[in-house]
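Letter by letter, the chains look like this.
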Amino acid sequence: MELQFVDENNVPVSGLNVSLEYHPLATAAEVAASKRFGKDGYDPTPPPNPPVGVTDSQGLVRFDNLYWIGVNVKADGQQLADEMEQRPLGVRRNPNSQPESKNRSRPATRDLTWQSDVQKKADAAGQRHHYVTIGQLCDRLPVIDNWKENEPPRFHFPSGDVMKGTPIAREGLDQRHVIEVCPFRAWSLVLHDTKDYSLANGYNLGVMADMAYAKGGDTVIKQFFFEQCLDLSRTPEYIDFPSFSQALVVDVPFSQRYTAAEFLDSAGKSGGDNDRPLLDSTQLFYIENAEQVVVSWRGTQELPDWLTDASFSPQPCPAELAKAGRIHGGFLDAYHLAKRRFDAQFSAIRASLAKDGKKKLFICGHSLGGALGLTYAAEMKAIEPILYTYGMPRTFTADAVGRLYQVTHYRHVNDSDTITSVPFDANLDNWLYGKFGPLGATLGFFWALTTELPAQMGGLYIGEHYWHHGKPVVFFRTTQTGSFEECRVMMNPNTCRRLKYSQQYKVKLFLVPSMAETESEEAKEAQEAFISEFPMADIQKIFPRNTNPAFDHASNPARHSMVKEYLPFLNNQLLEIADPERKLGRKTYRADFRQQMDTFGDSSPPEELKRNRMFLALQDMVGNSLIITRKYPGGENALIRFKSVAEEEVELSN
């Protein structure tokens, strides 16, 4: 019998110690048959027991003079585990590695990319094909780094199959068996250490920001990172109806898997201090593997969160955050509460990041979670964290924002989202805050509305204004205006007036103004062409720093939801770039809008027409944000897997 061991990319596994173990003989007839028949008929000389061999450069090992008995194929457990940790998964994987999950809320999208090239080749050559995990070959349990569970990892060591080997029946002798071994790997989120905008970062950290809201947070977090990320049968998915978020993941050696995943809730932990129970509601989670630490902060969800949001009173920035300026008082209180409650966990994160300097800190959050994420990033600014936020309110005043240049921050803004415009870009600090206690927060806020905002509108800036930090990523619903002349009396211009109207097609666009400044060499040509048509002065006029762009329609607090507004748009943008051939509604909307501009552009205001052309050009550049992903080890395969299972989500505000 010949055995050929290969990985999912059909690369041979050479130098592997292999042994056979005969099946127990159950009947006298089987005993007689085994003694009577060998390869060349009757052979009274028994072979060594167990037969052993070593695979050659082609992954082949041959066994001669076998008894005519079924065997179990085994390999050196430690040697196999160590070798298969270094083998990447194939993009065309065996169908057996993609079973339907009983817990899926909708059927998986299947694709021919999941068919195994190894199996096709073996079938064409008339050879027997086996797809196995290392646990179905190991002759002993290997040592697994940092594995503290009583049982080995379930996917790689299926229950009941540990150390039993891969069975081959007597009828399978006298031929070649191709054994395709699943690599000993785990899933890891695709996250890039880059100062440029990364759509992979934007999407995956958006999924993490949404996961912070999960009911039964600790159970959900552990199930995702300690079960789904160890199960290579399918890519991890987080379901938060109506969003079905397929994580964008690469496979990494099993030793580089996630080893920490903990949900932290201040309301469920006694701090031993005098915090008011009503405000005791700050939640976050963190995860850690060999290359990344992710800290995700939960946004506004419960009554204490709304009270935190409404505590506009600016407080002096603590020195560890910024040595100047002020910070939203409610956010500072919530952040300090979390630091007191979870001092041990924050200290452990800091120690892990400092241990070898190789891990990167990623921070994310939606709404209030974005504000707390920025506050945490301010404290960790010395290690230059990467922060992605979604629908966050203003948090710091201008002087403090200027001190946080080490933080790479991309701030996602849905143009219909009211929350991104509060607190107002105004000096909200006045004597009323401290004079009347809790009532002073309300009095001080309304005092600012009646005195500061009118002054600001007149061009006068006084004191410390709330500013936004970071570079905006704007989900912008743009329109095109037409006009016509209406006359009461024909041929009498004195009775005429020009009326404006919104034309039929509107489109929601994904705008990343910083793409015009990217350092990516691959994007330089597109960038230079864009700048030649739209100078930086024009871009900065439409997207002013430290605030939101001017929207041409009313905002709506109902457009703030992470799961309904932000995640679907991120999912669809990633899907569009990963699968450019797929027909998507968002592409149809843009085509209709472009045609409308070409057909009726003469009746539109020139400034609006130029702005919309800039917006469409920016939309066309978003694909450059995946250049770094395609160059990342396993990144192209990650995009192929994503497009094979992801679907276009409904964009409610389109």
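Residues numbered from 1 in each chain as written. Predicted model: local features only at pLDDT ≥ 70, side-chain atom pairs only at ≥ 80, totals over all residues. Heavy atoms only, no water.

Chemist: What is the right way to read the overall build of the protein chain from this model?
Modeler: The helix and strand tally for the protein chain stands at 19 helices and 26 strands. Looking at the protein chain as a whole, 55% of its 654 residues are labelled buried. For the protein chain, long-range pairs separated by at least 24 residues make up 76% of all intrachain contacts whose partners lie at least 6 apart in sequence. Counting only carbon and sulfur atoms, one obtains 52% of the accessible surface of the protein chain, whose full area is about 29300 Å². (Helix = DSSP H or I, 4+ residues; strand = E, 2+ residues; numbered from the N terminus. Buried < 20%, exposed > 50% of the residue type's maximum accessible area, 1.4 Å probe, protein only. Contact = heavy atoms within 4.5 Å. Areas by Shrake-Rupley, 256 points an atom, 1.4 Å probe, with all protein chains shown as cover.)

Chemist: Help me understand the pairing of strand β19 (residues 386-390) in this model?
Modeler: The buried count for β19 comes to 5 of 5 residues, which makes it a mostly enclosed element. Burial along β19 is two-sided: Ile-386, Tyr-388 and Tyr-390 facing one way and Leu-387 and Thr-389 facing the other are all buried. In terms of strand pairing, strand β18 (residues 360-366) meets β19 through 5 bridges, oriented parallel. Bridged to Ile-363 within β19 is Leu-387. Between β18 and its parallel partner β19, the chain crosses via helix α9 (residues 368-379), and the hand of that crossover is right-handed. For β19 and strand β21 (residues 408-414), the ladder comprises 5 bridges, and the chain directions are parallel. Counterpart to Tyr-390 in the pairing with β21 is His-412. (Pairing = 2+ DSSP bridges. Right-handed = clockwise from strand over helix to strand, strands pointing away.)

Chemist: Would you mind going over unusual backbone geometry with me for this structure?
Modeler: Across residues other than glycine, the phi torsion is negative in most instances, and most of the peptide bonds are trans. In this chain, Phe-241 is followed by Pro-242 through a cis amide linkage whose omega measures 10°. Along the chain, the position of Pro-242 falls in the loop between β10 (237-240) and β11 (243-246). At Asn-146, a position not held by glycine, the phi torsion is positive, near 60°. Structurally, the position occupied by Asn-146 is in the loop between β6 (128-132) and β7 (166-168). For Asn-146, a relative accessible area of 59% translates into the label exposed. Residue Asn-546 is not a glycine yet carries a positive backbone phi of 65°. Tracing the chain through its elements places Asn-546 in the loop between α14 (536-542) and α15 (562-578). Residue class for Asn-546 comes out buried when judged on its relative accessible area of 15%.

Chemist: Any chance you could explain the sheet that holds strand β8 (residues 176-181) here in plain terms?
Modeler: Backbone hydrogen bonds are what pair the strands of a sheet, in a parallel or an antiparallel way. Ordered in space as β4-β1-β8-β6, the 4 strands form an open sheet in which the pairing is mixed. At either margin of the open sheet sits one strand with a lone partner, and together these are β4 (60-62) and β6. Within the sheet, the average angular offset between the axes of one strand and its neighbour, ignoring direction, is 20°. (Axes fitted to C-alpha atoms, helices over the stretch in contact; angles between N-to-C directions.)

Chemist: For this particular structure, what's the right way to read the nonpolar core?
Modeler: In globular proteins that are soluble, nonpolar side chains generally tend to be buried together. Judged by nonpolar contacts, the single largest core of 82 residues is most densely connected at Met-208, Phe-225, Ile-287 and Phe-510. With 9 residues, α15 is the single largest residue contributor to this core. Ignoring any residue separated from it by four or fewer positions in sequence, one finds Met-208 in contact with Leu-189, Phe-224, Phe-225, Phe-285, Ile-287, Val-294, Ser-296 and Cys-364. Tyr-286, Leu-321, Ile-327 and Met-392 belong to the second-largest nonpolar core, a separate cluster that totals 37 residues. (Core = buried A, V, L, I, M, F, W, Y, C linked by side-chain atoms within 4.5 Å.)

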